[in-house]
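Examining the three-dimensional arrangement
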Amino acid sequence: MRSTHHSGRLVSGTGLIVAGMVATLVAMIFPIWSYADRSGTGVATLNASTVSTRYGPLSALDRDFITKVRLAGLWELPAGQQAQTKGTTEAVRTAGNHLIEGHTYLDARVRNVAARIGLPLPNQPSDQQKAWLETLSAAQGEEYDREFANILRLAHGKVFSVVAQVRATTRNSLVRDLADDANTTVLDHIRVLEATGLVDYDAIAREAASASAPPITNSPAPPVPLNDPGSPIPVTPSPTAPSPTPSSAGYSLPPAAQGPREGDG
């Protein structure tokens, strides 16, 4: 009886040891499994939406960004040209000139990038961008100046954070270079719009606090080989600024004109 009891304790002790070893092994394996690329995770989604190109992986966010740069030019070029005739202050007209120069340059850049990776580009602004242009077309005088400064400043603020995200995460060299150029251009436009003295920062802060963060666009399909990618240009009006130089921020602009400030007589 004593031998049987002693044997039972040995078996029980051995079972505890084995159970402990199994638990330790599971604990060691779990972190590896936790961070592996599993179906349904963010990493799996990234990989599923990414395609290979000779310039590096191209993600859905990269394609959204390229499309967004194109869309920006399709409405900001006409807005900048309109400001040349409807703006009542030198500061507004200068800001319009920066829009023309900057987006003429960026549009040439984005068309080149899209052609090299075979990504189709839109030829019409989005519905929201068309609505902004309609608002500007209906405004006159000082009202136009305020609408121009605030609509464009709000739009550029939204794009600015997206450019930073793309620049920080992209693995594609073409997208990385385009993000650098877009960052320089968007920051320049933000500065000249603010220099009008008409930007309502409280309204922009309220908009940013209340707005959700939807995708920039409906994610375009992965690129496909194109025999003739073409060279799409903004529909109307056609850019009138000189052709851009190929270097980053290769356009030359006058300094930002200062608009009226609070408290000025």
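Above this note sits the structure.
Because the structure is predicted, anything quoted here is derived from the model rather than measured.

Definitions and cut-offs
Residues numbered from 1 in each chain as written. Predicted model: local features only at pLDDT ≥ 70, side-chain atom pairs only at ≥ 80, totals over all residues. Heavy atoms only, no water. Helix = DSSP H or I, 4+ residues; strand = E, 2+ residues; numbered from the N terminus. Buried < 20%, exposed > 50% of the residue type's maximum accessible area, 1.4 Å probe, protein only. Areas by Shrake-Rupley, 256 points an atom, 1.4 Å probe, with all protein chains shown as cover. Core = buried A, V, L, I, M, F, W, Y, C linked by side-chain atoms within 4.5 Å. Contact = heavy atoms within 4.5 Å. Polar contact = N/O pair within 3.5 Å; in protein donor to acceptor, adjacent residues only side chain to side chain. 1 Å grid on protein atoms, 1.4 Å probe; cavity = no way out; pocket = protein on both sides within 12 Å on 5 of 7 lines; lining within 4 Å. Points joined across faces, edges and corners; volume = space filled by probe spheres on them. Nonpolar A, V, L, I, M, F, W, Y, C, P; charged D, E, K, R; others polar. Axes fitted to C-alpha atoms, helices over the stretch in contact; angles between N-to-C directions. Parallel < 35°, antiparallel > 145°, perpendicular 65-115°, else oblique. Left-handed = near helix turned anticlockwise from the far one by under 90°. Salt bridge = Lys/Arg side-chain N within 4 Å of Asp/Glu carboxyl O.

The subject of this paragraph is the overall build of the protein chain. Secondary structure summary: the protein chain contains eight helices and zero strands in total. Starting at the N terminus, the α and β elements of the protein chain follow one another as α-α-α-α-α-α-α-α. Within the protein chain, the proportion of its 265 residues that are buried is 39%. Carbon and sulfur atoms provide 57% of the accessible area of the protein chain, an area that totals close to 14,800 Å².

Bringing the nonpolar core into the picture now. If you look at the biggest cluster of nonpolar residues, it comprises 24 residues, and the most contacted ones within it are F65, I66, I117 and L178. Going through the elements one at a time, α3 (60–86), α4 (90–117), α6 (141–169) and α7 (173–194) are the ones with two or more residues in this core. For this core, the leading source of residues is α7, giving seven residues. Among residues more than four places away in sequence, those in contact with L178 are F65, I66, V69, L106, R109 and V110.

By the element assignment, S59 lies in the loop between α2 (42–48) and α3. Exposure remark for S59: the relative accessible area of 11% places this residue in the buried category. Only 3.4 Å separates the side chain of S59 from the backbone nitrogen of L61, close enough to count as a polar contact.

With that settled, the discussion passes to empty space enclosed by the protein. Scanning all chains against the criterion turns up one cavity of 30 Å³ or more. Considered as a void within the structure, the largest cavity measures approximately 120 Å³ in volume. Its residues assigned to classes, the lining of the largest cavity comprises ten nonpolar, two polar and two charged.

Let us now look at the packing of α6 against α7. Contact geometry for α6 and α7: axes closest at 9 Å, N-to-C directions at 150°. One way to sum up the angle between α6 and α7 is to call them roughly antiparallel. Crossing geometry of α6 relative to α7 is assigned as left-handed. The residues of α7 that touch α6, namely those facing F148, A149, L152, R153, H156, G157, V159, F160, V163, V166 and R167, are V175, R176, A179, D180, A182, N183, V186, L187, H189, I190, L193 and E194. Of the residues that constitute the contact of α6 with α7, the class distribution is 14 nonpolar, four polar and five charged.

This paragraph deals with the pattern of salt bridges. Counting across every chain of the model gives six salt bridges. For D107, the salt bridge goes to R111, with nearest N and O atoms at 2.9 Å. Of this pair, D107 and R111 are both found in helix α4, four residues apart, which corresponds to roughly one turn of the helix. In this structure, E194 engages R153 in a salt bridge whose closest nitrogen and oxygen atoms are separated by 2.9 Å. You can see E194 sitting in helix α7 and its partner R153 sitting in helix α6, a full 41 residues away along the chain.

Now for the packing of α4 against α7. Orientation of α4 relative to α7, taken along the N-to-C sense of each, is 170°, at an axis distance of 10 Å. When the axes of α4 and α7 are compared, the pair comes out roughly antiparallel. Residue-level inspection shows A95, H98, L99, G102, H103, Y105, L106, R109, V110, V113, R116 and I117 of α4 in contact with α7, the latter providing L174, D177, L178, D181, A182, T185, D188, H189, V192 and L193. Partitioned by chemical class, the residues of the contact of α4 with α7 number twelve nonpolar, five polar and five charged.

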